[in-house]
Every structure is written in structure tokens, then in C-alpha cells.
Amino acid sequence: MLSQELKAQVLKLPPSDRLALISAIIESLQNAPVTQSDRSGAIQRMRGLLKTDQPAPTDEEVATMLDR
């Protein structure tokens, strides 16, 4: 079943069944082991979000930001 078809089927369910489905999905994800490569990939993506072309602030600039 394609994701769009699955989504359409889920939206037809009553709210209580959708909540039960969410609970089952969350439970299955909590029991799934997270591999080191999954963590490393997530860390690299987060670092990319923080990357900038500007130099790091100086200690004085950081102190000024914290004082605000």
C-alpha cells in the first residue's frame, strides 16, 4: 500500500482508532534499536543546520548576548 493510500485509509478511521494506531506506532519505534549510523547521520544533519559562513562570536560578544 502506498503512503498516500495508507493516509487516506487512516483518515477514514474514527479518532479512537487513530489514537490507538499512533500508540502502536510509537510503541514499535520505542522498541526498535537505533543504530550508530542512524545517530551519526542525524548528528551530521544537525551540524549542517548550525553551519554558517560567519566567524564564531568572541567571548565579549557572547557575554553581551547573555547580558540581554
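For the structure itself, consult the block above.
Structural notes, computed from the coordinates. Here the structure is a predicted model, which means the values were calculated and not measured.

### Some points on the overall build of the protein chain
Stage number 1. A tally of regular secondary structure across the protein chain gives four helices and zero strands.
Stage number 2. Ordered by position from the N terminus, the helices and strands of the protein chain form the series α-α-α-α.
Stage number 3. Relative to the globule expectation of 11 Å for 68 residues, the C-alpha radius of gyration of the protein chain, 22 Å, shows a markedly less compact shape.
Stage number 4. In the protein chain, which comprises 68 residues, the share counted as buried stands at 0%.
Stage number 5. As displayed, the protein chain has an accessible area near 6,600 Å², and 59% of this comes from carbon and sulfur atoms.
Stage number 6. For the protein chain, the distance from the average site of its 8 positive side-chain charges to the average site of its 9 negative ones is 10 Å.

### Points about a nonpolar patch on the surface
Stage number 1. On the surface, Leu-13, Leu-21, Ile-25 and Leu-29 cluster together into a nonpolar patch covering about 330 Å² of accessible area.
Stage number 2. On the secondary structure map, Ile-25 appears in helix α2 (residues 15-31).
Stage number 3. On the basis of relative accessibility, which here comes to 42%, the residue Ile-25 falls in the partly exposed class.

### Quick notes on the environment of Thr-64
Stage number 1. Assignment of secondary structure puts Thr-64 in helix α4 (residues 59-67).
Stage number 2. Accessibility expressed as a relative area gives 41% for Thr-64, which makes it partly exposed.
Stage number 3. Sequence separation of Thr-64 and Pro-33 is 31 residues, and the distance between their C-alpha atoms is 43 Å.

Criteria and cut-off values
Residues numbered from 1 in each chain as written. Predicted model: local features only at pLDDT ≥ 70, side-chain atom pairs only at ≥ 80, totals over all residues. Heavy atoms only, no water. Helix = DSSP H or I, 4+ residues; strand = E, 2+ residues; numbered from the N terminus. Rg over C-alpha atoms; globule rule 2.2 N^0.38 Å. Buried < 20%, exposed > 50% of the residue type's maximum accessible area, 1.4 Å probe, protein only. Areas by Shrake-Rupley, 256 points an atom, 1.4 Å probe, with all protein chains shown as cover. Lys, Arg positive; Asp, Glu negative; His and termini not counted. Charge placed at Lys NZ, Arg CZ, Asp CG, Glu CD. Patch = residues over 30% accessible without salt bridge, like charges linked within 9 Å, V, L, I, M, F, W, Y side chains within 5 Å. Salt bridge = Lys/Arg side-chain N within 4 Å of Asp/Glu carboxyl O.

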